[in-house]
Amino acid sequence: MAGVTKLELRTALGPVYRDVLPYPPRDCTADEIPVIDLAPMFSKELSDRKRVAANIRSAATNNGFFYIKNHGIPEETIAQCKQQVFNFMRQPQEKKDVLSSRTRSKYYNGYLGRRMTQISRSETTDVRESFSFRYSPELDPDHPMDISELPEEVRSWIRAEDFVWEDTDHLPNFKQDLLAYWRSCLTLARRLVRMFALSLGLEEDYWDDKVTHPGADGVFNYYPPRTTEELENKSVGLGSHTDLQLFTLLWQDTVGGLQILSKEGQWLRAPPIKGTLVVNIGDFMMRLCNDIYKSTVHRVTNESNVERVSMPFFFGLNFNCVEGVVPSCTSGSNPAKYEPISCGDWCQKRFKMERDDFLKTEEGKKTIAPSATVVAA
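Because the structure is predicted, anything quoted here is derived from the model rather than measured. (Residues numbered from 1 in each chain as written. Predicted model: local features only at pLDDT ≥ 70, side-chain atom pairs only at ≥ 80, totals over all residues. Heavy atoms only, no water.)

Novice: Give a description of the overall build of the protein chain that names residues and reports values.
Specialist: Helix and strand counts for the protein chain come out as eleven helices and 17 strands. Taking 377 residues into account, the globule formula puts the C-alpha radius of gyration at 21 Å, and the protein chain, at 20 Å, falls close to it. Seen through its C-alpha atoms, the protein chain measures out along the principal axes to roughly 60 × 55 × 40 Å. Within the span of the protein chain, comprising 377 residues, buried residues form 58% of the whole. Contacts in the protein chain between residues far apart in sequence, at least 24 positions, make up 77% of those at least 6 positions apart. About 16100 Å² of surface is accessible on the protein chain, with carbon and sulfur atoms providing 51% of the total. For the protein chain, the centre of its 47 positive side-chain charges and the centre of its 52 negative side-chain charges are spaced 3 Å apart. (Helix = DSSP H or I, 4+ residues; strand = E, 2+ residues; numbered from the N terminus. Rg over C-alpha atoms; globule rule 2.2 N^0.38 Å. Buried < 20%, exposed > 50% of the residue type's maximum accessible area, 1.4 Å probe, protein only. Contact = heavy atoms within 4.5 Å. Areas by Shrake-Rupley, 256 points an atom, 1.4 Å probe, with all protein chains shown as cover. Lys, Arg positive; Asp, Glu negative; His and termini not counted. Charge placed at Lys NZ, Arg CZ, Asp CG, Glu CD.)

Here you go:
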């Protein structure tokens, strides 16, 4: 088709390319990104939980994105966390820069300012700011423990760093409110991963012992109002990409801006729906199920004249867990496409690639400083 363009994407195994149709983004339909009611997930009846699993399978084999309602995270928890994101992001720049991820963190914790990343080589640098923190066993809502209690093979993969809390303690209830949301997401994700197991024909508890100290990244994104220059340059808030781990839980505010690339190559807007979160499949899940589920390309643009906040929670297996394709997703005619790899090694491959590529750009050359590096387990 005339006008089709190629979109280059980073993966942990090198670049891949997707066709993009020459049409403007349009709103998704209910079939393209369905709403799944999670209420039956909390039922004691296995048949109820299997209904949720079947709905997840349908969405995950289609565009790999779906909304969830009745997810159990209180609206007040979300609202308080959102306000804290504003409280942090509206500080003077020098206050935020104290937590610079590039200069303070080995593991991508802390603050990143606008135009400090370029997640897509095919698009502009990212016009967003973010604050991030990683899983810490002391903060686990289900089984908190001191890091010293963990086996060495688990402890070496823990990526939490205390400076993110020490240098934000001047913001009243900042840590408390962010952790309330993060803990709610972690509890939900551990329930939801059981539905994914059922959806793949596995025992419900298949991954339970592999998400005891998981990849559980809290990221809080702030998209400033679009400037005239950014509109003219077609600047993106966050460039086209796929997520890395099992799946992502995303709360987005009412401003909107999330777009996904359909199987056919059409950009679809995923507008906010009150009372829902968005869930999308990550690359590691796609790998584990032998490509049955789709890790779908998405991006963010804030085309409004107001601030936008989104709060993604990235969920994966314990980083030390070495996993291959699950047994229910292979057969004599459909052998495993992928060799086993740990979730941690998988994530680090792309983190390093993104950082190294960014530092080669003109924007990146301005920011070169001691920064996050890949650290061997």
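Still to come is the rest of the account.
Novice: Lay out a negative patch on the surface with the relevant residues and their values.
Specialist: A cluster of acidic side chains, namely Glu 138, Asp 146, Glu 149, Asp 162, Glu 166 and Asp 169, defines a negative patch on the protein surface. What makes Asp 169 exposed here is its relative accessible area of 63%. (Patch = residues over 30% accessible without salt bridge, like charges linked within 9 Å, V, L, I, M, F, W, Y side chains within 5 Å. Salt bridge = Lys/Arg side-chain N within 4 Å of Asp/Glu carboxyl O.)

Novice: Give a description of helix H1 (residues 46-60) that names residues and reports values.
Specialist: Here H1 is 15 residues long and its end C-alpha atoms lie 20 Å apart, about the 21 Å a rise of 1.5 Å per residue gives. Among the residues making up H1, those that are buried are Asp 48, Arg 49, Val 52, Ala 53, Ile 56, Ala 59 and Ala 60. One side of H1 holds all its buried residues, which, seen down the axis, span an arc of 145°. Lining the buried residues of H1 we find strand S4 (35-37), strand S5 (65-69), helix H7 (174-199) and strand S13 (276-281). (Expected span 1.5 Å × (residues − 1). Arc of directions from axis to C-beta.)

Novice: Kindly report on the environment of Asp 253, identifying the contributing residues and their values.
Specialist: Positionally, Asp 253 belongs in the loop between strand S10 (247-252) and strand S11 (258-261). The spacing of Asp 253 and Ala 216 is 37 residues in sequence and 21 Å in space, taken between C-alpha atoms. Leaving out residues up to four positions away in the same chain, Asp 253 has contacts with Lys 82, Pro 272, Glu 307, Arg 308 and Val 309. Within the structure, the side chain of Asp 253 is placed 3.0 Å from the backbone nitrogen of Val 255, a separation counted as a polar contact. Here Val 309 takes part through its backbone nitrogen, which lies 2.8 Å from a polar atom of the side chain of Asp 253. (Polar contact = N/O pair within 3.5 Å; in protein donor to acceptor, adjacent residues only side chain to side chain.)

Novice: Requested: an account of the environment of Leu 46, with residues and values cited.
Specialist: Residue position: Leu 46 is located in helix H1. For the pair Leu 46 and Ile 273, spaced 227 residues apart in the sequence, the C-alpha separation amounts to 28 Å. Discounting chain neighbours no more than four positions away, the residues touching Leu 46 are Leu 198 and Glu 204.

Novice: Would you mind going over the packing of helix H2 (residues 75-89) against H7 in detail, with residue names and values included?
Specialist: One way to put it is that H2 packs onto H7 with a least axis distance of 9 Å and a crossing angle of 135°. In terms of axis orientation, H2 runs oblique to H7. Crossing of H2 over H7 shows left-handed handedness. Between H2, through Thr 77, Ile 78, Gln 80, Cys 81, Gln 84 and Phe 88, and H7, the contact on the second element is made entirely by Phe 174, Asp 177, Leu 178, Ala 180, Tyr 181 and Ser 184. Broken down by class, the residue content of the contact of H2 with H7 amounts to seven nonpolar, four polar and one charged. (Axes fitted to C-alpha atoms, helices over the stretch in contact; angles between N-to-C directions. Parallel < 35°, antiparallel > 145°, perpendicular 65-115°, else oblique. Left-handed = near helix turned anticlockwise from the far one by under 90°. Nonpolar A, V, L, I, M, F, W, Y, C, P; charged D, E, K, R; others polar.)

Novice: Provide a residue-level description of the side chain of Lys 96, including the pertinent values.
Specialist: Within the secondary structure layout, Lys 96 lies in helix H3 (residues 93-97). Residue Lys 96 is classed as buried on the basis of its relative accessible area of 3%. Within the structure, Lys 96 has its side chain in polar contact with the side chain of Glu 129 (distance 2.8 Å). Ignoring any residue separated from it by four or fewer positions in sequence, one finds Lys 96 in contact with Phe 88, Met 89, Gln 91, Tyr 111 and Glu 129.

Novice: Give me unusual backbone geometry: which residues, what numbers.
Specialist: Excluding glycine, residues mostly carry a negative phi; peptide bonds, for their part, are mostly trans. Positive phi, close to 55°, is recorded for Asn 70, a residue that is not glycine. Along the chain, Asn 70 turns up in the loop between S5 and H2. In this structure, Asp 291 is a non-glycine residue whose phi angle is positive, near 75°. Tracing the sequence through the fold places Asp 291 in the loop between helix H9 (283-288) and strand S14 (298-300). The exposure class of Asp 291 is buried, given its relative accessible area of 16%.

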